[in-house]
Amino acid sequence: MEELTATNTSHTIQFTILCFSDLPHLQLPFFIIFLTIYLNIIFGNTAVFLTIVFDSHLHTPMYIFLSNLSVLDISYTSTILPNLIFMLSTKHKIISRIQCFTQLFFFLGFTCTEMTLLAVMAYDRYVAICHPLHYTLMMSPSTCLVMLIVIWMVTFLEPISFTVLVSQLYFCSTNEIDHFFCDLNPLLKLSCSDTTHVNMISYILGVLVGMGTFGLTSVSYVYIVNNIMNIQSVAGRHKTFSTCVSHLTSVLLFYGTTLSLYMRPTSMYSPKQDKFYSLLYAILIPLLNPIIYTLKNKQFKDAFQKNSIRFLYFLSR
């Protein structure tokens, strides 16, 4: 009987993404909301990226990392939202096996990249605040370039083997994914195979990548806070802390949602809860990042106003 089940489930060639099927009366409002959010994510992050590229005064490590964060936010949001918008508008919710695992691979890759990039940005703030005299040496253009190359290349190696491993699982005849994209937890929940080894590897990789980058970020901020507390004047402490408050806000939002979502047993999986957390870190954070990093940044706002005409020309081409 087990052999027959394995035979039937191993040939699953497509999945059905349920999205928000339990709320049929909200399909049109969801379509409008997600389309608006996606367009704002594209516009906001593209504006940040182009401002930094076009203004030579912003060609510093902090802004170079921020431009990469903007590209990253556009990239990993684009692995989810276009397909979700298409499904909400057409009600065609079928996704092939290859498309599903491709989406999983890129989403895991971009998530790992964002974790690592946030950690490097924290290190950049640590060097700027705790070792200002050595900043230009420790964060030279060549050093930043090497960091970015390593981040973008290495963080996409880990999801390859893991995605292949998940793709080898047997899936039940009920191939409905109760989510709005092919995420890890709903796929494991859907599998008829023993997923113990996959869960174990997931936790190990989560500790190595997630907790590792979170640890590096936390240590950086421990030193930053300690350094700030040693500044005598209140104005000096406030000015120094203001240089990293945007990044700290982004870090707390990102890790608060991703760690609560992935660093827990599959038995605690809740479709509604997972959809909510996924919306926060996959959609809301990329939407807020341009605002968080530029709202009180006078240098960026001046550069944006100066280059706005060049933006319009670039976007109209």
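Basis of the calculations
- Residues numbered from 1 in each chain as written.
- Predicted model: local features only at pLDDT ≥ 70, side-chain atom pairs only at ≥ 80, totals over all residues.
- Heavy atoms only, no water.
- Helix = DSSP H or I, 4+ residues; strand = E, 2+ residues; numbered from the N terminus.
- Rg over C-alpha atoms; globule rule 2.2 N^0.38 Å.
- Contact = heavy atoms within 4.5 Å.
- Areas by Shrake-Rupley, 256 points an atom, 1.4 Å probe, with all protein chains shown as cover.
- Disulfide = S-S within 2.5 Å.
- Buried < 20%, exposed > 50% of the residue type's maximum accessible area, 1.4 Å probe, protein only.
- Axes fitted to C-alpha atoms, helices over the stretch in contact; angles between N-to-C directions.
- Parallel < 35°, antiparallel > 145°, perpendicular 65-115°, else oblique.
- Left-handed = near helix turned anticlockwise from the far one by under 90°.
- Nonpolar A, V, L, I, M, F, W, Y, C, P; charged D, E, K, R; others polar.
- UniProt positions renumbered as here; feature names shortened; annotations may be inferred.
- Pairing = 2+ DSSP bridges.

Novice: Tell me about the overall build of the protein, and please be specific about residues and values.
Specialist: Helix and strand counts for the protein stand at 14 helices and three strands. A compact globule built from 317 residues should have a C-alpha radius of gyration of about 20 Å, and the protein, at 22 Å, falls within 12% of that. Principal axes of the C-alpha set define a box for the protein whose edges measure 75 × 45 × 35 Å. Restricting the contact set of the protein to residue pairs at least 6 apart, pairs at least 24 apart contribute 80%. Summed over its atoms, the accessible surface of the protein is roughly 16000 Å², and 70% of this surface lies on carbon and sulfur atoms.

Novice: Break down the state of the cysteines for me, with residues and values.
Specialist: Across all of its chains, the model carries one disulfide by this definition. What pairs with Cys-100 in a disulfide is Cys-182, and their sulfur atoms sit 2.1 Å apart. Between Cys-100 and Cys-182 the sulfur-sulfur dihedral comes to about -120°; the bridge is accordingly left-handed. Taken together, the residues span a long stretch of sequence, with Cys-100 in helix H5 (residues 97-130) and Cys-182 in the loop between strand E3 (176-177) and helix H9 (184-190) at a distance of 82 residues. Both residues of the pair, Cys-100 and Cys-182, count as buried. Not engaged in a disulfide, the cysteine Cys-19 finds its nearest cysteine sulfur in Cys-182; these two sulfurs lie 10 Å apart. In this structure Cys-19 comes out as buried when scored by relative accessible area, which is 0%. There is no disulfide at Cys-130, and the cysteine sulfur nearest it, in Cys-244, is 9.4 Å away.

Novice: Hey, could you go over the packing of H5 against helix H7 (residues 141-154) for me, with residue numbers and the actual values?
Specialist: Direction vectors running N to C along H5 and H7 enclose 155°, while the axes themselves pass 9 Å from each other. Taken together, the axes of H5 and H7 are roughly antiparallel relative to one another. Along this stretch, H5 crosses H7, giving a crossing that reads as right-handed. On the side of H5, the interface is formed by Phe-110, Thr-113, Thr-116, Leu-117, Val-120 and Tyr-123, while H7 contributes Met-147, Leu-148, Ile-151 and Trp-152. Of the residues contributing to the contact of H5 with H7, the split by class is eight nonpolar, two polar and no charged.

Novice: Can you lay out the UniProt feature "transmembrane region" (unreviewed entry) in the protein for me, pointing to particular residues and giving the numbers?
Specialist: Here, UniProt's "transmembrane region" (unreviewed entry) annotation points to residues 30-54, 66-89, 101-123, 135-157, 200-224, 245-264 and 276-295. Helix makes up 100% of residues 30-54 and strand 0%. Its end C-alpha atoms lie 36 Å apart. Helix makes up 95% of residues 276-295 and strand makes up 0%, while its end C-alpha atoms are separated by 26 Å.

Novice: Residues and numbers for the pairing of strand E1 (residues 14-17), please.
Specialist: For E1 and strand E2 (residues 94-96), the ladder comprises three bridges, and the chain directions are antiparallel. The residue bridging Phe-15 from the neighbouring strand is Ile-95, located in E2. In this structure, E1 lies alongside E3, joined through two bridges in parallel fashion. The residue bridging Ile-17 from the neighbouring strand is Ile-177, located in E3.

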